[in-house]
Amino acid sequence: MSDFEREGRFDEASGIPEEVSEIPAETPADAPVDAPADAPESAPEDAGGTEEQSAEETAAAEAAEAAAKATAERLAKKAAAREKRRELPRVLAGMFRNMPPSAKMALSLFVITSVSAALLAATHILTERPISEHRQAAVERALAEVLPGRAGYALIDGAELPGSARELYAAYSYDGGEDYAVNVAPNGYGGEIEMMVGVDAGGSVTGVSIVSMTETAGLGTKAGSPEFLGRFTGKRAGVSIGRGDNDIDAIAGATISSRAVTTGVSDALAAVAAYTASSYYYAEEGDGQ
Amino acid sequence: MKSDLKSVGSRFSDGLIFQNPVTVLLLGMCPVMAVSVSVFNGIGMGLSATFVLIFSNTVISLLRKFIPENVRIAAYIVVIATFVTIVDMLLQAFFPQLSKSLGLFIPLIVVNCIILARAEAFARVNGVFNSALDGLAMGIGFTAALIAMSVVREALGAGTLLGVPVMPPGFRPALLMGLAPGGFITLGFIIAAMQWALNRRKRKGKL
Amino acid sequence: MNMTTLLSLSLGAILVENFVLVKFLGICPFLGVSKKMDTALGMGFSVVFVMTAASAATFCLNEYALTPLGLGYMQTPAFILVIASLVQLVEMFLKKAVPALYGALGIYLPLITTNCAVLGVAILNTQKELDLLGSSVYGAAAGIGFTLAIVLFASVRERLEFTDIPAAFEGFPIALVTAALLSMAFMGFQGLQVFK
């Protein structure tokens, strides 16, 4: 409906026809658009006040209409954008469906594996600290158990580690003495038995502590009992299961677990022997000068 | 195949009893026998597998229109393996003792036939909510089977339940129950009991 | 890795710590494919091949890719993908080269992918810190152990077909009880001092 059809809507002051688009329909006070007969009649009557009032009102009405037009344009743009957004997945899905099968396989697998890799990396970063902290705490606990009351412990890098030995620690006493502890992990019946073996400077066992074991409950786990582990205290290199002075008794029915622990202790003694042989050699050289 | 419009309740009773993944569908037996030496381990494994089941079912159901037919097994495996590794890392970080006890069998959740079977049979063709629910129900069934097995094996094999001695003082544990043969035999008897109960039900129902 | 270590590793995998009867790995195909001797044998051979190849492949992947890049935590997904591809290759090869065997094994081939034994041996290789030769030998030995168990089991089950079994025990339960007895027999190997 053209605005020119609405007679009487000409603003005489400015000579600009007042635009009448959907605006009347949106403002609640106005009559519906398909009742044009009413609108022109009411409009001139409204605008039929004094000159100043009419000018102000016209300006206000213009501003309102301009604003309303802007709003309408914005809404129209939003609707168009919404339509496009709704279209996008459909377009993408269409593209995907029309891809050659090999490309489809490759793309979907690539996307899935990338997302998985990202998730895994994120979880790894999240859990790295707690995992290493647990390990650290367990090792410190074991060190304190086999070599109590020392001033400090230090991990020795680059030491020779025979057999199941994993790490060599030195423990420094307040009186300047140095003892050692070896972290060993021999293969038991149900997996690795991680232990800490304390060895004094003279080469005899001070104590054995289990860091973790997964042996048969009630049987193999007896090899982790203080009673069994205590049998190793004071033993020296060459300890094995048997009757001799430097031997220990295995646990009946838990041969494999007992043997594993014995192997671990033996390897620990060997590691310390290897280390003291090398470091005392160098120390003596230094002291000789 | 249309979505199952079963009620939530019947889905759970299916997962727990009538279509129990271990004793009726006969899936996922490796970890059940290996891990059910103690109730603590059994519950831990059950909950871990349930977690993986729910998440993998959900994701696979979400992606079901996106995964082409001929690579679907590989895709499922990647999704399942991701969640299993996440569970593995979380356990190592926050439940280290459980992680050590379950050991090898946590990464082996990847090849737990239950998870792959449910992905293939259910999540592929059903909606997200139903798939998640199915994962939960099957996981609960798996955990229930694990608990049943481990209660028997721990009580008879070590005289304890969850570490607490439950047998009369004169009891000498049958260590065999905690070892491989004990696993086989306990599962055999549990499945036999299940089959007997289901047969009876069938016979009674038919009357 | 000298001969004696390899030998003790193999004996360990086949007898003392048999993958199926002691370690509980590979139960699904063990119970599923053991009704007839020939399918059992065929399955066994496929498993030996896949396990050996998978051990070698996963070792290389771990040694030359995962560990240097610090991606140890991606071990499980990476290994299982390698195994899945390997099984796919074996399936294609069998289809062309030995179609009879392919037909007999049918759906059990893809089941080897989800066979805990294959992934299990791959992970155990890394845990035992074996080198390439050691991993391959251990994988082969584990497969041989699996074959031994499944063949023994199949022969028993073939006999069981003709016996009267209580209704509740038919099918899997009696198979499991039989497996329990086999497992007890294998426990007799425990005293064999073959460990490192």
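This is a predicted model, so every value here is computed, not measured. (Residues numbered from 1 in each chain as written. Chains lettered and ligands numbered in written order. Predicted model: local features only at pLDDT ≥ 70, side-chain atom pairs only at ≥ 80, totals over all residues. Heavy atoms only, no water.)

**Quick word on the overall build of chain C**
Put simply, the test is: Where helices and strands are cited, they refer to DSSP runs of H or I of at least four residues and of E of at least two residues respectively, numbered from the N terminus. With C-alpha atoms as the basis for the radius of gyration, the globule rule is written as 2.2 Å multiplied by the number of residues raised to the power 0.38. Relative accessibility decides the category of a residue: with a 1.4 Å probe and only protein chains considered, values under 20% of the type maximum give buried, values over 50% give exposed, and everything between is partly exposed.
Counting its regular elements, chain C contains nine helices and zero strands. Across chain C, helices and strands are ordered from the amino to the carboxyl terminus as α-α-α-α-α-α-α-α-α. For 196 residues, the compact-globule estimate of 2.2 N^0.38 gives 16 Å, and the C-alpha radius of gyration of chain C, at 17 Å, lies within 12% of that figure. Its C-alpha atoms put chain C at 60 × 45 × 30 Å along the principal axes. For chain C, buried positions account for 55% of its 196 residues.

**Considering the pattern of salt bridges**
Residue and element names in this part refer to chain A. What counts, and what does not: One speaks of a salt bridge when a side-chain nitrogen belonging to Lys or Arg is within 4 Å of a carboxyl oxygen belonging to Asp or Glu.
Enumeration according to the criterion identifies nine salt bridges over all chains in this entry. Across the salt bridge formed by Arg129 and Glu133, the nearest N and O atoms sit 2.9 Å from each other. With Arg129 and Glu133 both in helix H4 (residues 101-146), this residue pair falls four residues apart, about one helical turn. Take Glu133: its relative accessible area is 43%, and that puts it in the partly exposed class. Between Arg135 and Glu194 there is a salt bridge, with its nearest N and O atoms 3.0 Å apart. Of this pair, Arg135 sits in helix H4 while Glu194 sits in strand S4 (residues 194-199), and the two are 59 residues apart along the sequence.

**Remarks on the side chain of A:Glu194**
Let me state the cut-off plainly: N or O atoms within 3.5 Å of each other form a polar contact, as long as, within protein, one can give a hydrogen and the other can take it, and as long as residues adjacent in sequence are counted only when both atoms are side-chain atoms. It only takes one pair of heavy atoms within 4.5 Å for two residues to be counted as in contact.
Assessed through its relative accessible area of 12%, A:Glu194 is described here as buried. A distance of 3.0 Å separates polar atoms of two side chains, one belonging to A:Glu194 and the other to A:Arg135. For A:Glu194, the side chain forms a polar contact with the side chain of A:Asn183, separated by 3.4 Å. Among residues more than four places away in sequence, those in contact with A:Glu194 are A:Arg135, A:Asn183, A:Val184, A:Ala185, A:Ser209, A:Ile210, A:Val211, A:Ser212 and B:Lys100.

**What to know about the interface of chain B and chain C**
Just so we agree on the cut-off: Asp, Glu, Lys and Arg are counted as charged, while Ala, Val, Leu, Ile, Met, Phe, Trp, Tyr, Cys and Pro are counted as nonpolar; the rest, among them Gly, fall into the polar class.
Across the boundary between the two partners, chain B contributes 35 residues, which contact 36 residues of chain C. Our enumeration of links across chain B and chain C arrives at zero salt bridges. Linking chain B to chain C there are two residue pairs in polar contact (both at pLDDT 80 or more). Those elements that provide at least two residues to the side of chain B that touches chain C are helix H2 (29-35), helix H4 (72-94), helix H6 (113-123) and helix H8 (180-206) of chain B. It is H8(B) that provides the largest number of residues to the side of chain B that touches chain C, a total of 13 residues. For the side of chain B that touches chain C, the per-class residue count stands at 29 nonpolar, six polar and no charged.

**Re a nonpolar patch on the surface**
Residue and element names in this part refer to chain A. Quick reminder of the rule: Each patch is built from salt-bridge-free residues with over 30% relative accessible area, joining like charges within 9 Å and nonpolar side chains (Val, Leu, Ile, Met, Phe, Trp, Tyr) within 5 Å. Residue-level accessible areas treat just the shown protein chains as cover; the underlying method is Shrake-Rupley with a 1.4 Å probe.
A cluster of nonpolar side chains, contributed by Leu107, Phe110, Val111, Val115 and Leu119, occupies part of the molecular surface with about 420 Å² of accessible area. Within the secondary structure, Val111 sits in helix H4. Under the relative-accessibility criterion, Val111 is labelled partly exposed at 33%.

**Re the pairing of strand S3 (residues 178-184) of chain A**
Residue and element names in this part refer to chain A. Quick reminder of the rule: Whether two strands pair comes down to DSSP finding at least two bridges between them.
With six of seven residues buried, S3 is to be regarded as a mostly interior element. Bridging between strand S2 (residues 165-172) and S3 involves seven bridges; their strand directions are antiparallel. The partner of Ala165 across the bridge, within S3, is Val184. Linking S2 back to S3 in an antiparallel pair, the connection comprises five residues, with Gly176 at a positive phi of about 90 degrees. Here five bridges tie S3 to S4, and the two strands are oriented antiparallel to one another. Note on S4: the bridge partner recorded for Ala181 is Gly198.

**Observations regarding the sheet that holds strand S1 (residues 152-156) of chain A**
Strand-to-strand pairing in sheets goes through backbone hydrogen bonds, with the strands running parallel or antiparallel. Residues and elements named next belong to chain A. For clarity, the cut-off: Every axis corresponds to a line fitted to the C-alpha atoms, with the helix fit spanning only the stretch in contact, and the corresponding angles, defined between N-to-C directions, vary from 0 to 180 degrees.
Strand order across the open sheet formed by five strands is S1-S2-S3-S4-S5, with antiparallel pairing between neighbours. On the outer flanks of this sheet lie S1 and strand S5 (205-212), each paired with one strand and no other. Along the sheet, successive strands turn relative to each other by an average axial angle of 25 degrees, direction set aside. Here S4 runs beside S5; their pairing, made up of six bridges, is antiparallel. Within the sheet, the bridge partner assigned to Met195 lies in S5 and is Ile210.

**Thoughts on the interface of chain C and chain A**
The parts lose accessible area when they come together, and the size of an interface is often stated as this lost area. Contacts between chain C and chain A engage nine residues on the former and nine residues on the latter. Our count for the chain C to chain A interface comes out at zero salt bridges. Run the count over chain C and chain A and you get zero residue pairs in polar contact (both at pLDDT 80 or more).

**Quick word on unusual backbone geometry**
All names here are of chain C. Despite not being glycine, Phe24 has its phi angle at roughly 60 degrees, a positive value. Within the fold, Phe24 resides in the loop between helix H1 (3-16) and helix H2 (27-32). On the basis of relative accessible area, Phe24 is assigned to the buried category, the value being 5%.

**A closer look at the packing of helix H1 (residues 8-18) of chain B against helix H7 (residues 128-158) of chain B**
All names here are of chain B. Test applied: It is the rotation of the near helix from the far one that decides the hand of a crossing: anticlockwise by less than a right angle makes it left-handed, clockwise makes it right-handed.
Two elements in contact, H1 and H7, have axes separated by 7 Å at closest approach and are oriented at 35 degrees. Seen along the crossing, H1 lies across H7 with a hand that is right-handed. Seen from H1, the contacting residues are Val8, Arg11, Phe12, Gly15 and Leu16; seen from H7, they are Asn130, Leu133, Asp134, Leu136, Ala137, Met138, Ile140, Gly141 and Ala144. A per-class count over the contact of H1 with H7 returns nine nonpolar, three polar and two charged.

**So, the nonpolar core**
What counts is decided by this rule: By nonpolar core is meant a set of buried Ala, Val, Leu, Ile, Met, Phe, Trp, Tyr and Cys residues that side-chain atoms within 4.5 Å join together.
C:Phe19 and C:Phe30 are the most contacted members of the largest nonpolar core, which totals 110 residues. For this core, the element with the highest residue contribution is H4(B), accounting for 13 residues. In this structure, C:Phe30 is in contact with C:Val20, C:Leu21, C:Phe146, C:Ala149, C:Ile150, C:Phe153 and C:Ala179, ignoring residues within four places of it in sequence.

**Quick look at the packing of aromatic side chains**
This is how it is decided: Only Phe, Tyr and Trp rings are paired, with Trp represented by its six-membered ring, and only when their centres lie within 6.5 Å; those with planes under 30 degrees apart are stacked, over 60 edge-to-face, the remainder tilted. Here, a charge over a ring is recorded when the distance from Lys NZ or Arg CZ to the ring centre is within 6 Å and its angle to the ring normal is within 35 degrees.
A complete count under the given rule lists nine aromatic pairs over all chains for this structure. Residues A:Tyr180 and A:Tyr275 carry aromatic rings whose centres are separated by 5.5 Å and whose planes lie at 70 degrees to one another, so their mutual orientation is edge-to-face. Of this pair, A:Tyr180 sits in strand S3 while A:Tyr275 is found in helix H6 (residues 255-288), placing the two residues 95 residues apart along the sequence. Just as A:Tyr180 is buried, A:Tyr275 falls in that class too. For the pair C:Phe30 and C:Phe153, a centre-to-centre distance of 4.4 Å together with 20 degrees between the ring planes defines the contact as stacked. Of this pair, C:Phe30 sits in helix H2 while C:Phe153 sits in helix H8 (residues 132-160), and the two are 123 residues apart along the sequence. For the residue pair C:Phe30 and C:Phe153, the accessibility class agrees, reading buried in each case. Joined through ring pairs, the aromatic side chains of B:Phe51, B:Phe55 and B:Phe83 make up one cluster. The ring of C:Phe19 has C:Lys23 sitting right over it, with the charged end atom 5.9 Å from the ring centre.

**Considering helix H7 (residues 116-127) of chain C**
Residue and element names in this part refer to chain C. Note the following rule: Expected span of a helix: the number of residues minus one, times 1.5 Å.
For H7, which comprises 12 residues, the first-to-last C-alpha distance of 16 Å matches the rise-based estimate of 16 Å (1.5 Å per residue) to within 8%. Counting buried residues in H7 gives 10 out of 12 residues, a clear majority hidden from the surface. Among the residues of H7, those classed as buried are Cys116, Ala117, Val118, Leu119, Gly120, Val121, Ala122, Ile123, Leu124 and Asn125. Phi turns positive, to about 55 degrees, at Glu129, one or two residues after H7.

Keep in mind these values describe shape, not function.
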